[in-house]
Every structure is written in C-alpha cells, then in structure tokens.
Amino acid sequence: MAPVHGEVAAGRVEGSRISLESVGVLDAPSAAPVSAVKRTWWLEGELLRYEVEMAALDQPMTWHLSAELRRSG
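Figured I'd write up the structure that's included with this text. None of these values were measured; they are calculated from a predicted model. (Residues numbered from 1 in each chain as written. Predicted model: local features only at pLDDT ≥ 70, side-chain atom pairs only at ≥ 80, totals over all residues. Heavy atoms only, no water.)

Focus: the pairing of strand E3 (residues 34-44)
No. 1: Pairing between strand E2 (residues 17-27) and E3: five bridges, direction antiparallel. Within E3, the residue paired with Leu20 across the bridge is Arg39.
No. 2: The pairing of E3 with strand E4 (residues 47-56) spans 10 bridges and is classified as antiparallel. Following the sheet pairing, Trp42 is matched in E4 by Arg49.
No. 3: Between E3 and E4, which pair antiparallel one after the other, the connecting turn spans two residues, and Gly45 there sits at a positive phi close to 65°. (Pairing = 2+ DSSP bridges. Helix = DSSP H or I, 4+ residues; strand = E, 2+ residues; numbered from the N terminus.)

In structure tokens, the structure reads:
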C-alpha cells in the first residue's frame, strides 16, 4: 500500500472556481513529509480542470499535478 497523508482544508468558491488550502496535514509514518497542499477546481465550458500545489520535503509550495475531464455526450 502506498504511503498516505490526511488533510483538513478550508477554502472558497469564486465564480466557477473552488480553491481549498490545507490548514493541517498529518503524514503516515512511511510517507514523505508534506507541510501544505492547495487544490483548485474550475470549469471552462465542457472542461473541468484540477490542479494541486504542494509543499513537501522542506521545499516551498509548488505545482505538483493537474488533470482535466471533458464532458462527453
């Protein structure tokens, strides 16, 4: 099983954008230390975008991953 961490986050909704930032992170004993996470979702037409920024391993907050989902139909 992959190492995991748990987060408590607070955020806001602005238009079609939802942003959550961690207010607390708890790492599993086998996980790399994560000190902060920011997750953002936004809608562009038929496209839902998702982005994660993370501060980990004593490095500052930086882009970690992104994804997009396109509605089909």
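Some thoughts on the pattern of salt bridges
No. 1: Scanning all chains against the criterion turns up five salt bridges.
No. 2: Across the salt bridge formed by Arg12 and Glu14, the nearest N and O atoms sit 3.3 Å from each other.
No. 3: Judged by relative accessible area, which is 44%, Arg12 ranks as partly exposed.
No. 4: For Arg49, the salt bridge identified is with Glu44, shortest N-O distance 2.8 Å. (Salt bridge = Lys/Arg side-chain N within 4 Å of Asp/Glu carboxyl O. Buried < 20%, exposed > 50% of the residue type's maximum accessible area, 1.4 Å probe, protein only.)

Structural measurements only, silent on function.
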